[in-house]
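# Coordinates in review
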Amino acid sequence: MSQLWRIGLASASVLGVPQKPDVALAETLKRLRDERGMSQEAVAFAAGISTSSVSRIERALMNPPWTVVRQMAEVLGVSIAELAAGVEREDSKLHSDTAQADHRNA
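A brief structural summary. (Residues numbered from 1 in each chain as written. Predicted model: local features only at pLDDT ≥ 70, side-chain atom pairs only at ≥ 80, totals over all residues. Heavy atoms only, no water.)

With that out of the way, let us pick up the nonpolar core. Generally speaking, soluble globular proteins have nonpolar side chains that are buried together. With 18 residues, the main nonpolar core has Leu25, Leu29, Ile49, Ile57, Met72 and Leu83 as its most contacted residues. For this core, the secondary-structure elements that each account for two or more residues are α2 (23–35), α3 (40–47), α4 (51–58), α5 (66–75) and α6 (80–105). (Core = buried A, V, L, I, M, F, W, Y, C linked by side-chain atoms within 4.5 Å. Buried < 20%, exposed > 50% of the residue type's maximum accessible area, 1.4 Å probe, protein only. Helix = DSSP H or I, 4+ residues; strand = E, 2+ residues; numbered from the N terminus.)

The next point concerns the packing of α3 against α4. The contact between α3 and α4 brings their axes to 8 Å, and the two run at 115°. On the basis of the axis angle, α3 is roughly perpendicular to α4. Of the two possible hands of crossing, α3 and α4 adopt the one that is right-handed. Only Thr51, Val54, Ser55 and Glu58 of α4 make contact with α3, whose side of the interface consists of Gln40, Glu41, Val43 and Ala44. Residues that form the contact of α3 with α4 fall into these classes: three nonpolar, three polar and two charged. (Axes fitted to C-alpha atoms, helices over the stretch in contact; angles between N-to-C directions. Parallel < 35°, antiparallel > 145°, perpendicular 65-115°, else oblique. Left-handed = near helix turned anticlockwise from the far one by under 90°. Contact = heavy atoms within 4.5 Å. Nonpolar A, V, L, I, M, F, W, Y, C, P; charged D, E, K, R; others polar.)

Let us look at the environment of alanine 46. Tracing the backbone shows alanine 46 in helix α3. In this structure the C-alpha to C-alpha distance between alanine 46 and glutamine 71, which are 25 residues apart in sequence, comes to 8.2 Å.

Treat this as a map of the structure, not an account of what it does.
Set out below in structure tokens:
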């Protein structure tokens, strides 16, 4: 459930402090798009956003607004819950990779 909250507030500011882009969300959206053999252009057109926005989201340069997350999930054929589960898995993987790198560098 914490991931649903995180996705929902991805583009929001908390007390006026901008949130940094969510790498796990970016990786999950890119993976889902690739698995479906869709181009960034196709996702962008179907979701009603620009191709540059899809690119920036996938490169974790920006967090999409909640409405865009919902549209992208629909275009990719997943529910918000499935998207959140993917983000949770990707987030765990990212933390594991970081911990391993830190251990090797210690």
